[in-house]
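Close look at the chain arrangement
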Amino acid sequence: MQFQNSREFARELDRKDKLANYRNEFIFPKVNGKDVIYFVGNSLGLQPKRTQQYVDEVMKDWAELGVEGHFYAEKPWWDYHERFSEKLSRIVGAEPSEVTVMNTLTVNLHLLMVSFYRPTNKRYKIICEEKAFPSDQYMIASQVRFHGYDPSDAIVEISKREGEQNFRTEDILEKIKEVGEECALVLIGGVNYYTGQVFDMEKITQAGHEVGAFVGWDLAHAAGNIELKLSEWNVDFAAWCSYKYMNSGPGNASGCFINKKYHNKKDIPRFEGWWGHNKEKRFLMEPEFQPEPTANAWQVSNAPVLALAPYLASLEMFDEVGMPALIEKRNKIVAYLEFILHEIDKEVESTFEIITPARQEERATQLSVFLHGEGRELFKYLMDSGVITDWREPNVIRLAPAPFYCSFEDMYEFGQILKKGILGK
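To keep things clear, this report deals only with the structure shown in the data block. Note that this is a predicted model, so its numbers are computed, not measured.

1. A word on the overall build of the protein
- Scanning the protein from terminus to terminus reveals 13 helices and 17 strands.
- The C-alpha atoms of the protein give a radius of gyration of 23 Å, which matches the 22 Å a tight globule of 425 residues would have.
- With the principal axes as the frame, the protein shows a C-alpha extent of 70 × 60 × 35 Å.
- Out of the 425 residues belonging to the protein, those deemed buried represent 57%.
- A separation threshold of at least 6 residues defines the contact pool for the protein, and within that pool the share at least 24 residues apart is 71%.
- As displayed, the protein has an accessible area near 18600 Å², and 50% of this comes from carbon and sulfur atoms.
- Taking the 50 positively charged and 64 negatively charged side chains of the protein as two groups, their mean positions are separated by 2 Å.

Right, here's the structure in full:
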C-alpha cells in the first residue's frame, strides 16, 4: 500500500479498519482533557470496559453467597481457572489440556524450572539471550545457584554480532550446537523486550532438542501479539504474563503451557499443592497427591478469582476477534507507524534509527527507535502532550500500537507531536 502522511489518509484507513469499533471497548487515560495516544500495550494494556462487569459479578457472588460461591456462583470459583484453557489454547497454539492460568510470570518460570531444569554433573548449562529482561536474568541465576553451580559457568548468553542490534538465528543455533551435551535448558524470551525482535521459536526449539536439552519460552511480549504454535513446535514449556497485550490489569495472573507429553508422568519433579490434585477427589482431603491429568497438575493454590476476572473479560474479546485479524491489523498499523517515522525524519535534523528488524517475520507490534541527537526532554514533551510511550536508556523509545485500541489517526497525530517536540526546542 502507498501510505500518505496526512490526517485524511489516516482517517480513511480507520474507516476501513474491521477492528475500529473495538477502540470503544477500552478506557483511555486523558491528558489535557483528551484521550492519550497509548503506545505502551507492551507494558500494560488498557482496561477493557467490560472488565468492571466481570469483577462486579465476583463481588456480588461473594456478598450474596459467601463461601458457597465456590460451587454456586454464576461462574463457580472452584473451577474458575478452567474457563481459560479453550480460549488461551487458540491464542498460543496448544491443546486446551496443555494450558493453565496461575500465579504470576516469574513465579511460574521458577515452578516450571523445578520440572525442566534438572542439572547433572555433565548437563547443567542454561542458554539464554544476553541482556534478557532483568527478571529472567535474576530468575535463571538464582536457579543455577540453588542447584550449586556458578552462574558465570552455567549460564551461556547468546550475543549479538559487533555493531548489530539484533540476534541472528544462525548464531543461536550454532551456540546450542556448541554447548551440546552440556546444555540442560534453552530458555529465551519469544519476543525481545528491548528491540521487539521475534525469535524463530520453531528452529530454536528443534535445535535444543537435538542436543538433548529442554526448551522453554518466556512469552511475556509474545502472547496475544504474535502467532504461536507451541504444540506444533514441540515446545516443552512456556509462561507469559497477561497484562501487556492481553489487557488483564497490573501484575495480573500468568498463563502456562506444559506439553502434553509430560502430563501423567510419574517421575517428573514438580512442586505440588491442593489445586493440582485430582479435581474429583480434591475435597476428600486425601493425604497422597493424585495429579490432574493436564497442565492443571502444576497448579499449587486455589485460583485468585478476583484477579482472574479481568483476564477472562479480555479473553472474551480475543475469542471474538481471533489472532489472525489482530495480526493483520498489527502488520498494517506498525507499517504505517514506520512510514510516519521516516517521513518526520526527513523534516527534522535528528535521526531516527529503528532497531527493530525490518523483516515482518522478525517483528510484531513494537518498534524500538533510537532518537539520535535527542534526550529525555523529548520523552517528557511527548508524555506532557498526551503520547504515552516508554523510554529506555540511553535514548530509545519503544512504540507499541496495540491493534485492539490504537488507530491509524493516532499514528499520524503522533508524528505531528514528535515533529513539534523536536523543532520547538
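Text resumes after the structure shown.
2. Considering the sheet that holds strand 17 (residues 396–399)
- The four strands are arranged 13-14-17-16 in an open sheet whose pairing can be described as antiparallel. In the strand order of this sheet, the two ends are held by strand 13 (351–354) and strand 16 (390–392), each with one partner. Recorded for the sheet is a direction-independent mean angle of 30° between the axes of neighbouring strands.
- Pairing geometry for strand 16 and strand 17, over three bridges, is antiparallel. Note that in strand 17 the partner of R392 across the bridge is V396.
- Contacts between helix 11 (residues 323–345) and the sheet are confined to strand 13, strand 14 (367–372) and strand 17, with strand 13 contributing the most and set at about 155° to the helix.

3. What to know about the sheet that holds strand 6 (residues 99–102)
- The mixed open sheet is built from seven strands, whose spatial order is 6-12-11-10-9-7-8. Only two strands of the sheet have a single partner each, and these edge strands are strand 6 and strand 8 (155–158). Averaged over neighbouring strand pairs, the angle between their axes works out to 20° when direction is ignored.
- By the bridge criterion, five bridges tie strand 9 (residues 183–189) to strand 10 (residues 214–218) in an arrangement that is parallel. Within the sheet, the bridge partner assigned to L187 lies in strand 10 and is G216.
- Strands in contact with helix 5 (residues 105–116) are strand 6, strand 7 (125–129), strand 9, strand 10, strand 11 (237–241) and strand 12 (254–258); relative to strand 11, the strand with the most contacts, it is inclined by about 170°.
- Lying over the sheet, helix 6 (residues 134–146) contacts strand 7, strand 8, strand 9 and strand 10, oriented at roughly 150° with respect to strand 8.

4. Some words on the pattern of salt bridges
- For the structure shown, the criterion picks out 38 salt bridges.
- Note that K329 is salt-bridged to D17, the shortest N-O span being 2.8 Å. With a gap of 312 residues between them, K329 in helix 11 and D17 in the loop between helix 1 (7–16) and strand 1 (26–27) connect regions that are remote in the sequence. A single burial state applies to K329 and to D17, both of which are buried.
- As a salt-bridge pair, E164 and R168 come within 2.5 Å of each other at their nearest N and O atoms.
- What makes E164 partly exposed here is its relative accessible area of 29%.
- One connected set of salt bridges, linked through shared partners, spans R7, R11, E409 and E413.

5. Some thoughts on the pairing of strand 13
- The side-chain alternation of strand 13 yields one buried face, formed by F352 and I354, and one unburied face, formed by T351 and E353.
- Judged from the four bridges that link them, strand 13 and strand 14 form a sheet pairing that is antiparallel. Across the sheet, residue F352 finds its bridge partner in strand 14, namely L371.

6. Details of the side chain of N278
- Within the element layout of this structure, N278 appears in the loop between strand 12 and helix 10 (305–321).
- There is a polar contact of 2.9 Å between the side chain of N278 and the backbone nitrogen of E280.
- Ignoring any residue separated from it by four or fewer positions in sequence, one finds N278 in contact with Q290, P291 and E292.

7. Some points on the nonpolar core
- Membership of the largest hydrophobic core comes to 107 residues, with the highest contact counts inside it found for L88, W217, W240, Y336, L341 and F414.
- No other element matches helix 11, which puts 11 residues into this core.
- With residues near it in sequence (within four places) discarded, L88 still touches V99, V101, W240, M246, Y311 and L315.
- Counting residues in each nonpolar core, the second largest holds 31 residues, with I140, L187, I268 and A297 among its members.

What counts and what doesn't
- Here, residues in each chain are numbered from 1, in the same order as that chain's written sequence.
- Note on the predicted model: pLDDT of at least 70 is required for a residue's local features to be given, and 80 or more for side-chain atom pairs to be given and counted; whole-chain, interface and lining totals, by contrast, use all residues.
- Neither water nor hydrogens contribute to the side-chain values; these are computed over all heavy atoms in the structure.
- For the purposes of this entry, the term helix denotes a DSSP run of H or I that reaches at least four residues, the term strand denotes a run of E that reaches at least two, and both are numbered from the N terminus.
- Each radius of gyration is computed over the set of C-alpha atoms, and the globule rule expresses the reference value as 2.2 Å times the number of residues to the power 0.38.
- Here's how the labels work: a residue is buried when its accessible area is under 20% of the maximum for its type, exposed when over 50%, partly exposed in between, all with a 1.4 Å probe on protein chains only.
- Note on contacts: a residue pair is in contact if any heavy atoms of the two residues lie within 4.5 Å.
- Only the protein chains shown count as cover for residues, and all accessible areas are computed by the Shrake-Rupley method using a 1.4 Å probe.
- Neither His nor the chain termini are counted; the positive set is Lys and Arg, and the negative set is Asp and Glu.
- Every charge is mapped to an atom, namely NZ of Lys, CZ of Arg, CG of Asp or CD of Glu.
- Following DSSP output, two strands are said to pair if at least two bridges run between them.
- Axis lines are fitted to C-alpha atoms, over the contacting stretch for helices. Their N-to-C directions set the angle, which ranges from 0 to 180 degrees.
- The rule for a salt bridge is simple: a side-chain nitrogen of Lys or Arg has to be within 4 Å of a carboxyl oxygen of Asp or Glu.
- Two N or O atoms form a polar contact when they lie within 3.5 Å of each other; inside protein one atom must be a possible hydrogen donor and the other a possible acceptor, and for residues adjacent in sequence the pair counts only when both atoms belong to side chains.
- Only buried Ala, Val, Leu, Ile, Met, Phe, Trp, Tyr and Cys residues count toward a nonpolar core, and they belong to the same one when joined by side-chain atoms within 4.5 Å.

These results come straight from atomic positions and should not be treated as a statement about function.
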